[in-house]
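Chain and residue survey
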Amino acid sequence: MKMKKIIRPVAECLILSAAGLGIYNYMTKARAKDNLLLKRYKKYYGLTSSWLLKNLSDVDSVRNYLEQSGYKKIAVYGMGSIAELLSRQFERYSDMEIKYYIDRNGRELVYGLDGLEVVDIDGMAEMEQVDLVIVTAIADYDDILGEIKTKYKSLKVVSLEEIIN
């Protein structure tokens, strides 16, 4: 009888401890995910802020970078809002153009901004050769660069962040 009285509270403590540990682990993972998202958003905010300030000062960083390097035919990696802003910027250029878009989901998207074709990294082999790939997914730039360079070693790839800053 005494043993049952001792076992039950010990079992309840163990169950509560395990539940508490599970909640703690869940919250820790959630906090880490939130911190990662916050870092990503800060990175994109910094880019758009710098870009806007330069444009307001009549400094076209994109045009300057492309002209200095002689790039005319561009592919853009990413289909988010930053890519859309870049697309609008290219509307002002008569001597440079975006030929197509690249995205991890390129096979599902088919057509992107301005009705241009969207391909995944494998699909780039079938597309017109470009002078440069501009990566607008700046938070994932290192991974994207690695993926592209694995298959297309000589292709020039640059982050939009590098162009703007």
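Further up the page is the structure itself.
A short tour of the structure in this document, coming up. Computed from a predicted model, the values in this text were never measured in an experiment. (Residues numbered from 1 in each chain as written. Predicted model: local features only at pLDDT ≥ 70, side-chain atom pairs only at ≥ 80, totals over all residues. Heavy atoms only, no water.)

Focus on helix α3 (residues 81-90)
This is how it is decided: Classification of residues uses two cut-offs on accessible area relative to the type maximum, computed with a 1.4 Å probe and protein chains only: under 20% is buried, over 50% is exposed, and between them is partly exposed. Helix and strand assignments come from DSSP, with helices taken as H or I runs of at least 4 residues and strands as E runs of at least 2, each series counted from the N terminus. As used here, the arc is the angular range of directions from the helix axis to the C-beta atoms.
Along α3, the positions that sit buried rather than exposed are Ile 82, Ala 83, Leu 86, Ser 87, Gln 89 and Phe 90. Projected down its long axis, α3 carries its buried residues within an arc of 160°, all on one side.

Topic: the sheet that holds strand β4 (residues 132-135)
Where we set the bar: A pair of strands is labelled paired if DSSP reports no fewer than 2 bridges between them. It only takes one pair of heavy atoms within 4.5 Å for two residues to be counted as in contact. Lines fitted to the C-alpha atoms define the axes, with helices restricted to the stretch that makes contact. Angles between their N-to-C directions range from 0 to 180 degrees.
One open sheet holds the five strands; their spatial order is β3-β2-β1-β4-β5, and the pairing between them is parallel. Looking at strand neighbours, the two that pair on one side only are β3 (118-119) and β5 (157-159), the edges of this open sheet. Relative to strand β2 (residues 97-102), strand β1 (residues 73-77) runs parallel, the two sharing five bridges. Paired with Tyr 77 across the two strands is Ile 102, which belongs to β2. Running at roughly 175° to β5, helix α5 (residues 141-151) makes contact with β1, β4 and β5 of the sheet.

A short note on the layout of surface pockets
Heads up, the condition is: Cavity and pocket criteria rest on a 1 Å grid covering protein atoms alone: a 1.4 Å probe that fits but cannot get out defines a cavity, protein on both sides within 12 Å along at least 5 of 7 lines defines an open pocket, and an atom within 4 Å of a point defines a lining residue. Grid points are joined across faces, edges and corners, and a volume is the space filled by probe spheres set on the points. Any residue outside Ala, Val, Leu, Ile, Met, Phe, Trp, Tyr, Cys, Pro, Asp, Glu, Lys and Arg is labelled polar, Gly included; the first ten of those are nonpolar and the last four are charged.
What the largest pocket holds in volume is close to 180 Å³. Taken together, the residues that form the lining of the largest pocket break down as seven nonpolar, two polar and three charged.

Overview of the pattern of salt bridges
Heads up, the rule is: We define a salt bridge as a side-chain nitrogen of Lys or Arg found within 4 Å of a carboxyl oxygen belonging to Asp or Glu.
Counted under the stated rule, the structure contains twelve salt bridges. Arg 63 is the salt-bridge partner of Glu 67, the closest N and O atoms lying 2.7 Å from each other. Highlighted residues: Glu 67 and Arg 63, both in helix α2 (residues 61-69), separated by four residues, approximately one helical turn. Among the residues examined, Glu 67 registers a relative accessible area of 44% and is labelled partly exposed. Here the salt bridges do not stand alone but share partners, grouping Arg 63, Glu 67, Lys 72 and Asp 95 into one network.

Description of the environment of Lys 43
Summarising the element assignment, Lys 43 is placed in helix α1 (residues 2-56). With 95 residues separating them along the chain, Lys 43 and Ile 138 place their C-alpha atoms 7.7 Å apart. Not counting residues within four places of it along the chain, the set of residues in contact with Lys 43 comprises Ile 138, Ala 139 and Glu 161.

Examining the pairing of β2
What counts here: For the handedness criterion, the strands are oriented away from the viewer, and a crossover whose path from the first strand over the helix to the second runs clockwise is classed as right-handed.
Considered for its hand, the β-α-β crossover made up of β1, α3 and β2 is right-handed. Relative to β3, β2 runs parallel, the two being bridged by two bridges. Considered in β3, the bridge of Ile 102 is made with Val 119.

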